[in-house]
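Letter by letter, the chains look like this.
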Amino acid sequence: MSRIYTKPQSPPPAFEDAKNTRQKVRAAGLDPNYWYPAEWSKDLKAGEVKEVVFWKRSLAVFRGEDGQVRAIENRCAHRQLKLTTGHVEGCNLVCPYHGWAYDGEGRVVDIPHSLFGRKFPKFKVPDVPVQERYGIVWFFPGDPENAATVALPEIPELEGPNAWSQIPVDGTWSAHHSMIFDNVCDFTHAYLHRKFRPFVDADLLKYETVGDSVYLEYDTKVGDGQFNKLFINRKRVNVDHMKLGYQYPYQWSNTDDQIKHWLFVCPIDERTSRSFFIFFFKQFVIPFTQIGIPKTVMKAFLPAAKHLTVKPLLAEDGVAVEAEQEGWERHWDAPLAELNPVVKAFQDLTIRKWEAYLATQRDPSLSQLSSKPESKRSSAEPQGSEGETNA
């Protein structure tokens, strides 16, 4: 006799209290010792400051008048006001309350009022490493000493004079980051996109976990929507197969080395995430021909494609994962009902990496990287500073 399910009266469990894979992954964070997206470079102008939140930690990311980006903890050492309520002055960030100014290393460099006979204090808030690449401002919220040894993924198609045409798009959704990664790897949700048909008739061929990555392949019809299919040269591009990967903590896809995307997620808290997508294309063709569209024309064409298809398509995903988050919070103890084994592979990797990070917090002598499991292949079977005061 099957168990009768009763809606739980308590909120979802914390990570340490979770009893199964789904409960664990929905409570897991992302290891901060990686580079995460803060903002599109074009959207952070000189003299601007923006708040960026990583797993409930607020940062002030600002661009000085010299064009350089800096990031410090979003609080004044004096009265703890958010520094993002202040303004950029030169290359410093100024608190709106008493006018204390902070440089890019978080040091108080100016106090415009009386020091009451004291020497200038050496107050400081933590700073965070930043860099710009691929049109994104990146920040490193973990141990700053690790930043120099942790690399961003290499994406040569996004750089240089021969860079591919790109569609950058982002969204902030009320959903745990793992739900977003589940969404992009699980092509059984083609029904959701039956209007735009980015992929249809997907058949999972194989998947494997290798170290801190999960690789998978689908036979599927790619870009089968009425609008998109007009611009793909189907005689030269194999649109019946797609490779994907979860290269922790990033995700990507590749269709015949002609159509690709990367996804970078910033986990804001347990139920909010901001996703940065970059879709890029080697070449589109003029409809009903095999003639490639010139790059100059592509630059004018892609913004239209973004608003006509890409943004509405991702909006469907946003609605779905937000609804899933609401359902999870109401029914977190419901029986497991997952069929796609790739979902569990993604979730297992997220859990393992979070457990490894938590272990380093308990014992800093432990290595940041967890032990790497053997590769696994499976068919698609169903399954249940000195003298300074850090204020």
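This text follows the structure it describes.
Residues numbered from 1 in each chain as written. Predicted model: local features only at pLDDT ≥ 70, side-chain atom pairs only at ≥ 80, totals over all residues. Heavy atoms only, no water.

## So, the sheet that holds strand β4 (residues 69-73)
- Strand order across the open sheet formed by three strands is β2-β3-β4, with antiparallel pairing between neighbours. Unpaired on one side and paired on the other, β2 (49-54) and β4 mark the two borders of the sheet. In this sheet, adjacent strand axes meet at a mean angle of 30° when their direction is disregarded.
- Note that strand β3 (residues 57-63) and β4 share five bridges and pair antiparallel. Across the sheet, residue V61 finds its bridge partner in β4, namely A71. (Pairing = 2+ DSSP bridges. Helix = DSSP H or I, 4+ residues; strand = E, 2+ residues; numbered from the N terminus. Axes fitted to C-alpha atoms, helices over the stretch in contact; angles between N-to-C directions.)

## Some thoughts on the pairing of strand β13 (residues 199-210)
- Strand direction decides the pairing type here: β13 and strand β14 (residues 213-222), joined by nine bridges, are antiparallel. Looking at β14, one finds that E208 is bridged to Y215.
- Linking β13 back to β14 in an antiparallel pair, the connection comprises two residues, with G211 at a positive phi of about 60°.

## Focus on the environment of K24
- Checked against the element boundaries, K24 lands in helix α1 (residues 21-27).
- Residue K24 is classed as partly exposed on the basis of its relative accessible area, which comes to 23%.
- K24 sits 323 residues away from Q347 along the chain, and the two C-alpha atoms are 8.7 Å apart.
- K24 has contacts with F15, A18, I351 and E355, leaving out every residue within four places of it along the chain. (Buried < 20%, exposed > 50% of the residue type's maximum accessible area, 1.4 Å probe, protein only. Contact = heavy atoms within 4.5 Å.)

Purely spatial values, then, with no claim about function.
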